[in-house]
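Results of the structural survey
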Amino acid sequence: MADNRPIGVFDSGLGGLTVVKALQNLLPSESIMYLGDTARVPYGNKSKKLIESYSTQITTFLSEKGCKAIVVACNTASSQALDVLQDEFSIPVIGVIQPGARMAVNTSENGHIGVIGTVATIESNAYQNALEEHNKNIIVLNQPCPLFVPLVEEGWITGDVPKLVADTYLKGMNADGVDTIILGCTHYPLLKDIIQSSATNGTGLIDSAEAVAMEVERVLSNNDLFAENKTAGSLDCYVTDVPLRFEGLARQFLGSNIEHVSTISLH
Ligand code: DGL
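These lines cover the structure that appears in this document, whether it is placed above or below. (Residues numbered from 1 in each chain as written. Predicted model: local features only at pLDDT ≥ 70, side-chain atom pairs only at ≥ 80, totals over all residues. Heavy atoms only, no water.)

Examining the overall build of the chain
Of regular secondary structure, the chain possesses eleven helices and ten strands. Taken over C-alpha atoms, the radius of gyration comes to 18 Å for the chain, in line with the 18 Å a tight globule of 267 residues would show. For the chain, the spread of C-alpha atoms along the principal axes amounts to about 50 × 40 × 40 Å. Across the 267 residues that make up the chain, the buried fraction comes to 55%. In the chain, of all internal contacts separated by at least 6 residues, the share reaching a separation of at least 24 is 77%. For the chain, the exposed surface amounts to about 11700 Å²; the carbon and sulfur share of it is 49%. When the 17 positive and 30 negative side-chain charges of the chain are each reduced to one mean point, those points stand 1 Å apart. (Helix = DSSP H or I, 4+ residues; strand = E, 2+ residues; numbered from the N terminus. Rg over C-alpha atoms; globule rule 2.2 N^0.38 Å. Buried < 20%, exposed > 50% of the residue type's maximum accessible area, 1.4 Å probe, protein only. Contact = heavy atoms within 4.5 Å. Areas by Shrake-Rupley, 256 points an atom, 1.4 Å probe, with all protein chains shown as cover. Lys, Arg positive; Asp, Glu negative; His and termini not counted. Charge placed at Lys NZ, Arg CZ, Asp CG, Glu CD.)

What follows is the structure in structure tokens.
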């Protein structure tokens with residue numbers, strides 16, 4: 001039996017639309033309900049308690065809307081709140097950390113892996129723990145990159161300024177000879193070209209959006225949750241505020257226009 005209920009996807013803002021794009025590419029028949037907590041972004045500098053509470057409110061909203069599974073398309077929320085959500089909700093809840101870590105371990109040849117993300121994600125050690133779970137001999141270099149999110153939000157993704165920022169952040173990783181860097185924030189795929197040009201050793205970049213789409217496919221298959229494979233799935237978007245430059249920003253993340261956007265309040 002096909003299950004045509006939507007997959008719920010959320011992020012602190014619009015960065016999770018990079019995961020929506022990867023899901024639409026891999027699973028075009030699946031309908032998606034996206035929630036961007038645009039009124040409260042960024043999560044990257046907030047406490048664990050607050051991020052857990054915001055993530056629980058959002059997952060409650062999406063499950064009450066009838067979602068069959070939830071994708072936490074935010075590394076910060078995945079690193080701080082995934083276990084709480086998996087305990088509290090009966091539908092599958094999928095985070096971005098494990099799939100990205102697995103892909104990085106399978107990709108790295110020299111076992112030196114770099115992780116870049118928000119301060120909260122890096123300080124949680126979530127990637128370090130996940131990487132060591134897969135292979136305890138992996139050497140992990142962590143680098144918080146707090147300026148990347150505002151650069152992306154400003155649309156400043158090419159040119160000298162992001163290049164200088166990326167060169168500065170990646171200096172230690174380049175010196176260490178990491179051969180793989182995990183883009184541990186759903187905003188970072190938009191800076192992929194700049195980050196790639198600052199990584200001096202021909203380093204491979206792991207886009208957790210692609211890794212998580214493959215994990216969603218596996219979970220839907222294991223739980224018999226695939227939608228009917230006949231028509232293209234829909235995309236419904238909810239935001240908690242419509243920020244300035246919303247449309248341009250959303251188009252940048254998704255690669256196309258968002259058609260149905262509703263503004264909601266969460267409590
Ligand atoms: N998109 C979020 C992530 O993947 C980062 C933005 C934020 O700080 O809220 O971590």
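What about the sheet that holds strand E4 (residues 93-94)?
The parallel open sheet is built from six strands, whose spatial order is E4-E3-E1-E2-E9-E10. Sheet topology places E4 and strand E10 (260-263) at the edges, where each strand pairs with a single neighbour. Sheet analysis places strand E3 (residues 69-72) next to E4, joined by two bridges and oriented parallel. Residue pairing across strands places valine 71 opposite isoleucine 94, the latter belonging to E4. The sheet contacts of helix H1 (residues 17-26) involve strand E1 (7-11), strand E2 (32-36), E3 and strand E9 (235-239), and relative to E2 the element is tilted by about 170°. (Pairing = 2+ DSSP bridges. Axes fitted to C-alpha atoms, helices over the stretch in contact; angles between N-to-C directions.)

What to know about the pattern of salt bridges
This structure, assessed with the given rule, holds ten salt bridges. Residues lysine 68 and glutamate 30 are paired through a salt bridge, measuring 2.7 Å at the closest nitrogen-oxygen approach. A residue pair is termed long-range when its members are at least 10 positions apart, and lysine 68 in the loop between helix H2 (48-64) and E3 and glutamate 30 in the loop between H1 and E2 qualify at 38 residues. Overall, the relative accessible area of 1% leaves lysine 68 in the buried class. (Salt bridge = Lys/Arg side-chain N within 4 Å of Asp/Glu carboxyl O.)

Things to note about the packing of aromatic side chains
Summed over all chains, the structure comprises four aromatic pairs. Each ring, one from phenylalanine 61 and one from tyrosine 238, has its centre 5.1 Å from the other, and the planes form 75°; the classification is edge-to-face. Residue phenylalanine 61 is located in helix H2, and its partner tyrosine 238 is located in strand E9; the two are separated by 177 residues in the primary sequence. Ring geometry for phenylalanine 148 against tyrosine 188: centres 5.2 Å apart, planes inclined by 85°, an arrangement best described as edge-to-face. With phenylalanine 148 in helix H7 (residues 148-153) and tyrosine 188 in the loop between strand E7 (180-184) and helix H9 (192-198), this pair connects stretches of sequence that are 40 residues apart. Summarising the burial analysis for this pair, phenylalanine 148 and tyrosine 188 share the class buried. Of note, arginine 40 hangs over the ring of tyrosine 54, and the distance from its end group to the ring centre comes to 3.7 Å. (Phe/Tyr/Trp six-rings, centres within 6.5 Å; stacked < 30°, edge-to-face > 60°. Lys NZ or Arg CZ within 6 Å of the ring centre and 35° of its normal.)

A closer look at the site of the ligand
In the vicinity of the ligand, 14 residues are found, and the nearest of them are Ser12, Tyr43, Gly44, Thr76 and Thr186. The contact in question runs from a nitrogen atom of the ligand to an N or O atom on the side chain of aspartate 11, over 3.1 Å. Within the contact set of the ligand, an oxygen atom lies 2.9 Å away from a backbone nitrogen or oxygen of glycine 44. For the shell around the ligand, the per-class residue count stands at six nonpolar, seven polar and one charged. (Near = heavy atom within 4 Å. Polar contact = N/O pair within 3.5 Å; in protein donor to acceptor, adjacent residues only side chain to side chain. Nonpolar A, V, L, I, M, F, W, Y, C, P; charged D, E, K, R; others polar.)

Digging into helix H10 (residues 208-222)
Along an α-helix, a turn takes 3.6 residues, which lines up residues three or four apart on a common side. Its 15 residues place the ends of H10 21 Å apart at the C-alpha level, agreeing with the 21 Å of an ideal helix rising 1.5 Å per residue. Of all the residues in H10, the buried ones are Ser208, Ala209, Ala211, Val212, Ala213, Glu215, Val216, Val219 and Leu220. Near the N-terminus of H10, the side chain that reaches the backbone nitrogen of alanine 209, with its oxygen 2.9 Å away, is that of aspartate 207. Residue aspartate 224 follows H10 closely and has a positive phi angle near 55°. (Expected span 1.5 Å × (residues − 1).)

Keep in mind these numbers describe shape, not what the thing actually does.
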